[in-house]
Structures are given as structure tokens and as C-alpha cells.
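Per-entry structural report
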Amino acid sequence: MNRNLLYLAILISLIVISCKMYKTDNLPETQLRFGSGGGFTGMITEYTLLKNGQLFVRTGRAGSGDWEEYGNVKKADAKALFEYWEEHQALRDEVKQPGNMYRFLTMQTDSTEYRQSWGAGGYTPSEPMTTLYERAMALVKQVETNHNEKQ
């Protein structure tokens, strides 16, 4: 009987460790940030996706505003985005082509940040940039849809 309780305790501990949830004041170093902004107001909407599927959002002027928990996506979907980034070397190239309205991707890994921003007239972003951005925004739409269905 005691042996079964020990196994159960170990199993529960492993599940808790593997499903670690983060708070806005303690995010891991590896994260994918993406969003859009600009225009007359200069406001942006920025999302942060973690490998565990947690999604955070903040709205404000660039770099301002408080992060809020936005929802969760399937861990496999989040992992697929991080793997896509790993597979495409072009996503490590710095791109600074913002226009009045712009989109951006930032991969934060440990102490290194890879940032691409685009929207300037005449500039065409690479296929990996647009694909990663569109896939990330599709996950945001899933969270929004799930949130609206619960209300």
C-alpha cells in the first residue's frame, strides 16, 4: 500500500513539474513575442507565447503596458512554432523595415534577442517571417474564440 502511495506521489510531482505555469512577473527567458502597431497613436498589441502554451498580451506604446495572462494554446501547437523558428535560419536575421503600421516577431532565447519588424512600402518579408507570424496570430484567434465561447 505504501509503495502505491509513493508511486502516486512521484507521478503527481512529475505532472506538476512538467506543467509549470508562469506568472507575468516571472516569465522564462525563452519566449516568442509578436504583434503589430503604429499609426497615428503609436499603440501596439504585443503577445508573448511560451513553450508550454501560455499566451500573454499587453497593449500600449512600444515597451509599455502591463502583461496580462491571455489564455493557453495546445502545448504541441506552441512547440511547433518554436520548432519552426529553429528550422529557419532566416528568422535569426535582424530586419528593421517598419512602416507607419508594422508587424514584428521577436524570439528571446537566454540572453539573445532576434527581432524582425516590417511594414515599409516596397519591402516584402521573407516567407518564414510571414508564415511564423500568421501561425502565431492563428493561435491568438483560437484563444479569442475559446474565450468568447465560454462567455
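To start, this report covers the structure provided alongside it. Predicted model only: the values in this text are computed from it and were never measured. (Residues numbered from 1 in each chain as written. Predicted model: local features only at pLDDT ≥ 70, side-chain atom pairs only at ≥ 80, totals over all residues. Heavy atoms only, no water.)

1. Considerations on the sheet that holds strand β6 (residues 101-109)
- In spatial order, the strands read β4-β3-β2-β1-β6-β7-β5; together these 7 strands make up an open sheet with mixed pairing. Of all strands in the sheet, those with a lone pairing partner are β4 (68-72) and β5 (95-97), marking the two edges. In this sheet, neighbouring strand axes are inclined to one another by 20° on average, regardless of whether the strands run parallel or antiparallel.
- Two elements, β5 and strand β7 (residues 112-118), share 3 bridges in a ladder whose sense is parallel. Opposite Gln97, over in β7, you have Trp118 as the bridge partner. (Pairing = 2+ DSSP bridges. Helix = DSSP H or I, 4+ residues; strand = E, 2+ residues; numbered from the N terminus. Axes fitted to C-alpha atoms, helices over the stretch in contact; angles between N-to-C directions.)

2. Quick word on the packing of aromatic side chains
- Throughout the structure, instances matching the rule amount to 5 aromatic pairs.
- Taken together, a centroid distance of 5.2 Å and an interplanar angle of 55° make the contact between Trp85 and Tyr114 tilted. Of this pair, Trp85 sits in helix α2 (residues 75-87) while Tyr114 sits in strand β7, and the two are 29 residues apart along the sequence.
- Residue Tyr114 is classed as partly exposed on the basis of its relative accessible area of 21%.
- Taken together, a centroid distance of 5.7 Å and an interplanar angle of 80° make the contact between Trp118 and Tyr133 edge-to-face. With Trp118 in strand β7 and Tyr133 in helix α3 (residues 127-150), this pair connects stretches of sequence that are 15 residues apart. As far as burial versus exposure is concerned, Trp118 and Tyr133 are alike and both buried.
- One aromatic cluster in this structure is built from Phe34, Tyr47 and Tyr70.
- The ring of Trp85 carries Arg92 above its face, with NZ or CZ at 4.1 Å from the centroid. (Phe/Tyr/Trp six-rings, centres within 6.5 Å; stacked < 30°, edge-to-face > 60°. Buried < 20%, exposed > 50% of the residue type's maximum accessible area, 1.4 Å probe, protein only. Lys NZ or Arg CZ within 6 Å of the ring centre and 35° of its normal.)

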